[in-house]
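# Coordinate inspection notes
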Amino acid sequence: VTLSDGVTRLRGVVEHSDAISDIAVVRVNHHAALPAAELGSSSDLRPGEFVVALGAPLGLTNSVSFGIVSAIERTRSELGLHHPLGA
């Protein structure tokens with residue numbers, strides 16, 4: 001794992017991953033404290049709340065997206081997604 005400074009490299013272990021969503025949880029050990037974001041639970045989201053997504057989807061490093069929750073528990077068809085993921 002290379003940190004955002006582009007220099008610091010840490011050995012990581014993939015704990016969980018999902019290839020379709022292009023997301024993984026990677027555990028690293030470091031001798032010093034690393035900055036961390038407090039994560040919330042999607043089950044606690046309410047319309048009107050501000051949200052932020054950080055990551056590197058599809059190799060796009062240091063990606064940040066933000067917005068306001070407009071609705072919860074939408075179905076795939078409401079979003080125009082009629083085919084199963086990966087099809």
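On a predicted model such as this, the values are computed, not experimentally measured, just so you know.

## A look at the packing of aromatic side chains
Within the structure shown, the criterion is met by one aromatic pair. Ring centres of Phe50 and Phe66 lie 6.1 Å apart, and the angle between their planes is 40°; on these two criteria the pair is classed as tilted. One end of the pair, Phe50, is in strand S3 (residues 50-55); the other, Phe66, is in strand S4 (residues 63-68), with 16 residues separating them in the sequence. With a relative accessible area of 57%, Phe50 lands in the exposed category. On the accessibility criterion, Phe66 (63% relative accessible area) is exposed.

## A short note on the environment of Ser4
Residue position: Ser4 is located in the segment before strand S1 (12-18). Its relative accessible area of 70% is what places Ser4 among the exposed residues.

## Some thoughts on unusual backbone geometry
At Glu73, a position not held by glycine, the phi torsion is positive, near 60°. Summarising the element assignment, Glu73 is placed in the segment after S4. Judged by relative accessible area, Glu73 falls into the exposed class, the value being 76%.

## Structural notes on a nonpolar patch on the surface
Taken together, the side chains of Phe50, Val52, Leu54, Val64, Phe66 and Ile68 make up a nonpolar region of the molecular surface, amounting to roughly 710 Å² of accessible area. Structurally, the position occupied by Ile68 is in strand S4.

## A short note on the layout of surface pockets
Looking at the largest pocket, its volume works out to about 2,000 Å³. Listing elements by their share of the lining of the largest pocket, those giving two or more residues are strand S2 (23-28), S3 and S4. Class assignment for the residues of the lining of the largest pocket results in 20 nonpolar, 12 polar and two charged.

## What about the environment of Leu54?
Among the structural elements, Leu54 can be located in strand S3. Since its relative accessible area comes to 63%, Leu54 is described here as exposed. The residues contacting Leu54, other than those within four sequence positions of it, are Ser63 and Val64.

## Re the pairing of S1
Sheet topology note: the S1/S2 ladder contains six bridges and is antiparallel. Note that in S2 the partner of Val14 across the bridge is Val26. Counted along the chain from S1 to the antiparallel partner S2, the turn is four residues long, and its residue Asp22 has a positive phi close to 55°.

What counts, and at which threshold
Residues numbered from 1 in each chain as written. Predicted model: local features only at pLDDT ≥ 70, side-chain atom pairs only at ≥ 80, totals over all residues. Heavy atoms only, no water. Phe/Tyr/Trp six-rings, centres within 6.5 Å; stacked < 30°, edge-to-face > 60°. Helix = DSSP H or I, 4+ residues; strand = E, 2+ residues; numbered from the N terminus. Buried < 20%, exposed > 50% of the residue type's maximum accessible area, 1.4 Å probe, protein only. Patch = residues over 30% accessible without salt bridge, like charges linked within 9 Å, V, L, I, M, F, W, Y side chains within 5 Å. Areas by Shrake-Rupley, 256 points an atom, 1.4 Å probe, with all protein chains shown as cover. Salt bridge = Lys/Arg side-chain N within 4 Å of Asp/Glu carboxyl O. 1 Å grid on protein atoms, 1.4 Å probe; cavity = no way out; pocket = protein on both sides within 12 Å on 5 of 7 lines; lining within 4 Å. Points joined across faces, edges and corners; volume = space filled by probe spheres on them. Nonpolar A, V, L, I, M, F, W, Y, C, P; charged D, E, K, R; others polar. Contact = heavy atoms within 4.5 Å. Pairing = 2+ DSSP bridges.

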